[in-house]
Amino acid sequence: MSEDSNSAILDPISNVTEGCRLPVLMSNGEDWRKSGHSTLAEVISIKDLENKRLFYVHYIDYNKRLDEWVEEDRLDLRKIQYPRRDLASSTTGLNTPKKTLTGATNSRPSSPGLTTPDPITGPSVLAALQQKQQKIKKRKLDPNEEDDGRRASIGSLGGSIGSSIGSLGEIEIAPLTPLTPLTPLTPQQNVPRQTGSLATHSDDHAITRIKNMKMIELGKYRIKPWYFSPYPQEITSLDCIYICEFCLKYRKSRKCLERHLHKCPFKHPPGNEIYRKGSVSFFELDGRKNKLYAQNLCLLAKLFLDHKTLYYDTDPFLFYVMTECDMRGYHIVGYFSKEKESSEDYNVACILTLPPYQRKGYGKLLIEFSYELSKFEGKTGSPEKPLSDLGLLSYRSYWKQTILEILIALKPQEGQEKPQLTINEICEQTSIKKEDVISTLTNLELINYYRGQYILTLNKELVDSHRKIMEKRKVRIDSKYLHWTPKDWAKRGKW
Ligand code: ACO
Ligand code: ZN
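Residues numbered from 1 in each chain as written. Chains lettered and ligands numbered in written order. Predicted model: local features only at pLDDT ≥ 70, side-chain atom pairs only at ≥ 80, totals over all residues. Heavy atoms only, no water.

Participant: Describe a positive patch on the surface, with residues and values.
Facilitator: Together, Lys249, Lys252, Lys255, Arg259 and Lys263 give the surface a local cluster of positive charge. Relative to the helices and strands, lysine 255 is located in helix 7 (residues 254-263). (Patch = residues over 30% accessible without salt bridge, like charges linked within 9 Å, V, L, I, M, F, W, Y side chains within 5 Å. Areas by Shrake-Rupley, 256 points an atom, 1.4 Å probe, with all protein chains shown as cover. Salt bridge = Lys/Arg side-chain N within 4 Å of Asp/Glu carboxyl O. Lys, Arg positive; Asp, Glu negative; His and termini not counted. Charge placed at Lys NZ, Arg CZ, Asp CG, Glu CD. Helix = DSSP H or I, 4+ residues; strand = E, 2+ residues; numbered from the N terminus.)

Participant: Before we move on, can you summarise helix 13 (residues 460-472) with the specific residues and values?
Facilitator: A rise of 1.5 Å per residue sets the reference length of helix 13, with its 13 residues, at 18 Å; its end C-alpha atoms lie 19 Å apart and thus fit the reference within 8%. Within the span of helix 13, buried status applies to Leu462, Val463, His466 and Met470. All buried residues of helix 13 project into a common sector of 95° when viewed along the axis, lining one side. Those residues of helix 13 that are exposed and aimed more than 90 degrees away from the buried face are Lys460, Glu461, Lys468, Glu471 and Lys472. Looking at the packing, one finds that the buried side of helix 13 touches helix 10 (389-409). Put simply, asparagine 459 is the residue that caps the front of helix 13, since its side-chain oxygen is 3.3 Å from the backbone nitrogen of glutamate 461. (Expected span 1.5 Å × (residues − 1). Buried < 20%, exposed > 50% of the residue type's maximum accessible area, 1.4 Å probe, protein only. Arc of directions from axis to C-beta. Contact = heavy atoms within 4.5 Å. Polar contact = N/O pair within 3.5 Å; in protein donor to acceptor, adjacent residues only side chain to side chain.)

Participant: For the packing of helix 10 against helix 12 (residues 434-443), give the residues involved together with the corresponding values.
Facilitator: As a packed pair, helix 10 and helix 12 sit with axes 10 Å apart at the nearest point and diverge in direction by 85°. The angle between helix 10 and helix 12 places the two elements in the roughly perpendicular class. Residues Arg396, Trp399, Lys400, Ile403 and Leu407 of helix 10 touch helix 12, and the partners they reach there are Asp436, Val437, Thr440, Leu441 and Asn443. Split by residue class, the contact of helix 10 with helix 12 holds five nonpolar, two polar and three charged. (Axes fitted to C-alpha atoms, helices over the stretch in contact; angles between N-to-C directions. Parallel < 35°, antiparallel > 145°, perpendicular 65-115°, else oblique. Nonpolar A, V, L, I, M, F, W, Y, C, P; charged D, E, K, R; others polar.)

Participant: Pulling in residues and values, what's your account of the nonpolar core?
Facilitator: Membership of the largest hydrophobic core comes to 79 residues, with the highest contact counts inside it found for Phe282, Leu300, Phe369 and Leu441. Ranked by residues supplied to this core, first place goes to helix 10 with nine residues. Those residues within four positions of leucine 441 in sequence are excluded, and the remaining contacts are Ile403, Leu407, Ile423, Ile426, Leu446, Ile447 and Leu456. If you look at the next biggest cluster of nonpolar residues, it comprises 15 residues, including Ile13, Val16, Met26 and Leu66. (Core = buried A, V, L, I, M, F, W, Y, C linked by side-chain atoms within 4.5 Å.)

Participant: Outline the pairing of strand 2 (residues 38-49), supporting the account with residue identities and numerical values.
Facilitator: Here strand 1 (residues 21-25) pairs with strand 2 via five bridges, running antiparallel. When the sheet's bridge partners are listed, arginine 21 is paired in strand 2 with glutamate 42. As judged from the eight bridges shared by strand 2 and strand 3 (residues 52-59), these two strands associate in the antiparallel manner. The partner of valine 43 across the bridge, within strand 3, is valine 57. If you look at the hairpin formed by strand 2 and strand 3, you'll find two residues sitting between the two strands, and glutamate 50 has a positive phi there, around 45°. (Pairing = 2+ DSSP bridges.)

Participant: Could you give an account of the pattern of salt bridges, naming the residues involved and the relevant values?
Facilitator: Enumeration according to the criterion identifies 25 salt bridges in this entry. Note that arginine 473 is salt-bridged to glutamate 368, the shortest N-O span being 3.5 Å. Here glutamate 368 lies in helix 9 (residues 362-377) and arginine 473 lies in the loop between helix 13 and helix 14 (489-492), a separation of 105 residues in the sequence. Comparing arginine 473 with glutamate 368 shows no difference in burial state: the two are buried. One network of salt bridges, with partners in common, ties together Glu368, Glu405, Arg473 and Arg476.

Fair warning: the whole summary comes from geometry, so function is off the table for now.
Given below as structure tokens:
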């Protein structure tokens, strides 16, 4: 027996290579992990640190934000699976099964499925990239591949619904399927964009798969990043970086930040305050005029956005930063960016609620604001695709609530037995794009065909549950407080 194979028997840990899969004990951060169950994970990277070997693992079927460095004692070496030779020679990441939104329904609610393409991991990224590009090319040549059946049926519905709303008695409405795609992605939508502050990424270098920042401090919060963001390498080794919550400049220590804060003249984001109601304000800023702030905002946002790659060209974008105001200033809560001109009718490019403010309704407030802007523009709009898992959940919930609000408030006109409304009228009133309206109604299973016409049927349970939800949604956007005139960027010639 050779020395090598001896050492492998004595030290099974040396058998663990990038691309291996084995059960790993997840850290105990969240409720669903408390049970201490081990979960199948793929080893993405290995490093030795202070005489310890560390393994960067991706939990199969979980969102990448849960990826982490673990020590040997968390690995279950008895059940190790080696990458298949043929695959190992191309890429380890190809072992990760394609996640679909529907498939992800089974995963836990805190880590729902992905809208992203397969993650690519391991050393041989180039080979995977080539394969991927070939796939995209193939899809480009064959526009009918994938989803088209669904699009067609949605399209035909769109043209013919002149719906009346009434009750057909007890019709069971199935709950919203949480993770089936509402707007199927066309092949073109999967192709990375070439411009933009945070453009949809293809399969970047393996390095971007690994979180590079341990912690950030922003105002009174310490926040653990979820994903890679291209901050300068010299600061990524620090235990924490310190960010000015007003101008978003970053510093390597609290002392440095304190020095900065003495000089920093800002107590709010740059740009114009275009909305204020109560303690909530929105600032509009131009990515060309406030480039440094916009770039720092994108760097910060990338820490929590997985499916976007950061570009430094912020010129084509406007940024809408939402703040909460107190005695100390206007604290950033979240933002969305918007192309000055969008050929695809996107009214949001990227949207983010910073983690300390998440799940409190701010995301929906940001979304509501984006549609309010579209109403002022007299257009319908939709968020840029692909959406993240949390983005999809939030948009679906917003669309459902907004459309139900209109349907429930609808009264029959004189001489009509039942209220009537067209899909186009819903679009006009909400600025939600037609596809999104139709897919929401379809997902809610509200559309029925009855005696030669389409009817929307609302049952009592749905109406009651909607009312309860809306009672909780106290903070809303009030258009009276929006001081904004849309600009026609196409006419200006220059951004
Ligand atoms: N697990 C399950 N459901 C969730 C979660 C979660 N972790 N987070 C939000 N939701 C649901 C909420 O329950 C709520 O639905 P409900 O009212 O029907 O219960 C809905 O999503 C919205 O909740 P909000 O509190 O209004 O939204 P939040 O402030 O948390 O912001 C957002 C949502 C912006 C998507 C946030 O999660 C985020 O910033 N994520 C990271 C960045 C990201 O993924 N952005 C979207 C990318 S897509 C794009 O940019 C176009
Ligand atoms: Zn500052």
